[in-house]
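Remarks on the overall topology
One letter stands for each residue in the lines below.
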Amino acid sequence: MLLDLLHLLTTPAPSAQRRLGYLRDSIWLMSRARRCRRAWAPHLEASRAVMRAAIAGAERRDTAVVLGSGLLLDVPLADLTGAFRRVVLVDAVHLAPARRAIRAFANVEMLTADLSGAMALMTGGARDLDPRLPPVCAEPGTGLVISANLLSQLPIRPVDRLEASRRPLGAWTREDGDAFGRRIVEAHLAALAALTARVCLVTDLDETEEDRQGRVHARHDLLYGVRLGTPDRTWTWELAPFGETARNRRLTHRVAGFADWRR
Ligand SMILES: C[S@@+](CC[C@H](N)C(=O)[O-])C[C@H]1O[C@@H](n2cnc3c(N)ncnc32)[C@H](O)[C@@H]1O
């Protein structure tokens, strides 16, 4: 708790990220990752394996970009820095453990950016969604862009805010939550599809809440009905084992990994 507060006070983050809750979310995720280290290990290793396959298959070896780099838990950073001249890590928030981890490498840069295109809309700085990837993704030297367990996260804050507010966000009203979420997911995929670099996509697809007898109590589509094609592999991420959110309930996510998504 005290450690969380310290991160809240000392992390350099733009005011929008602070105000809209992105900094708090990152700190909360870091704490959960610590508590659930053992349960998360197979998921993190499976994610890294898909990214390693993507690195091995990349033809251009100048720049690699990781979107949603976060705490670098699922990112094989040493493999990336060994294979590419430059590695660019993009996230809304970069916490201290990630800032420390990159000090060991001379060819890593961090970029703070909103990848949902919704932050300016939420702060009143834009009239509609403006989803775009940082220009480095489209540079001619960029051979690999990894979307690292990011896609399902992009709509969470924007949809919560839209649905909780009486005021519309631009032309979007609180009844539009699902369409708004779907638009954010589709926009990220469209932006990835337009790149010439190899695209590696790792994302969770849905969430299941079950009891100790294996009975399913709820299931949510995290991508608002958007379908991705056939992944190289899928696996289950035990996001919240029994006792994490409730004594007799656990949350699992189905995850898909594409080493070369556009193929
Ligand atoms: C599940 S975590 C990904 C884990 C990360 N790859 C790791 O290894 O720690 C999702 C990440 O997406 C980031 N994120 C969520 N919304 C974002 C946005 N609008 N723009 C940029 N990053 C965002 C979060 O800050 C978080 O780091």
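Structure shown above.
Below you will find a few notes about this structure. Just so we're clear, the structure is a prediction, and the values are computed from it rather than from any experiment.

Criteria and cut-off values
Throughout this description, residue numbers start from 1 for each chain and increase along the sequence as written. Reporting of local features is limited, given that this is a predicted model, to residues whose pLDDT is at least 70; pairs of side-chain atoms are given and counted only at 80 or more, and all residues count toward the totals for whole chains, interfaces and linings. The side-chain figures draw on all heavy atoms in the structure; neither hydrogens nor water molecules are used. Only runs of H or I of at least four residues qualify as helices and only runs of E of at least two qualify as strands under DSSP, and these elements are numbered from the N terminus. Restricting the calculation to C-alpha atoms gives the radius of gyration, and the globule rule supplies 2.2 Å times the number of residues raised to the power 0.38. We call two residues in contact when some of their heavy atoms are within 4.5 Å. All accessible areas in this document rest on Shrake-Rupley with a 1.4 Å probe, and a residue is counted as covered only by the protein chains that are shown. When a carboxyl oxygen of Asp or Glu is within 4 Å of a side-chain nitrogen of Lys or Arg, the pair counts as a salt bridge. Think of it in three bands: with a 1.4 Å probe and only protein chains considered, a residue is buried below 20% of the maximum accessible area for its type, exposed above 50%, and partly exposed in between. Pairs of cysteine sulfur atoms within 2.5 Å are what we label disulfides. Angular values range over 0 to 180 degrees, each being the angle between N-to-C directions of two axes fitted as lines to C-alpha atoms, with helices fitted over their stretch in contact. Roughly parallel refers to an angle under 35 degrees, roughly antiparallel to one over 145, roughly perpendicular to one between 65 and 115, and oblique to any angle outside these ranges. Whether a crossing is left-handed or right-handed is set by the direction in which the near helix is turned from the far one by less than a right angle, anticlockwise for left-handed and clockwise for right-handed. Here the nonpolar group is Ala, Val, Leu, Ile, Met, Phe, Trp, Tyr, Cys and Pro; Asp, Glu, Lys and Arg are the charged ones; every other residue, Gly included, is treated as polar.

**Considering the overall build of the protein**
Secondary structure summary: the protein contains 9 helices and 8 strands in total. Relative to the globule expectation of 18 Å for 263 residues, the C-alpha radius of gyration of the protein, 18 Å, shows essentially globular dimensions. Considering only contacts within the protein whose residues lie at least 6 apart along the sequence, 65% involve residues at least 24 apart. Here the protein has roughly 12,900 Å² of accessible surface; of this, 51% comes from carbon and sulfur atoms.

**Let's talk about the pattern of salt bridges**
For the coordinates displayed, the defined rule picks out 19 salt bridges. Across the pair Arg 52 and Asp 79 runs a salt bridge, and its minimum N-O distance is 3.3 Å. Residue Arg 52 is located in helix α4 (residues 37-57), and its partner Asp 79 is located in helix α5 (residues 77-83); the two are separated by 27 residues in the primary sequence. Residue classification places Asp 79 among the partly exposed residues on the basis of a relative accessible area of 33%. The partner of Arg 215 in a salt bridge is Asp 211, with the nearest N and O atoms 2.9 Å apart. On the basis of relative accessible area, Arg 215 is assigned to the partly exposed category, the value being 49%.

**Points about the state of the cysteines**
For the coordinates displayed, the defined rule picks out 0 disulfides. Free of any disulfide, Cys 137 has its nearest cysteine sulfur in Cys 200, 13 Å distant.

**Details of the packing of helix α8 (residues 156-164) against helix α9 (residues 177-193)**
Any two packed helices are characterised by how steeply their axes cross, that is the angle between the axes, and by the distance between the axes. One way to put it is that α8 packs onto α9 with a least axis distance of 9 Å and a crossing angle of 160 degrees. On the basis of the axis angle, α8 is roughly antiparallel to α9. Between α8 and α9 lies a crossing of right-handed hand. Contact residues: Pro 158, Val 159, Leu 162 and Glu 163 in α8; Gly 177, Asp 178, Phe 180, Gly 181 and Ile 184 in α9. Tallied by class, the residues present in the contact of α8 with α9 amount to 5 nonpolar, 2 polar and 2 charged.

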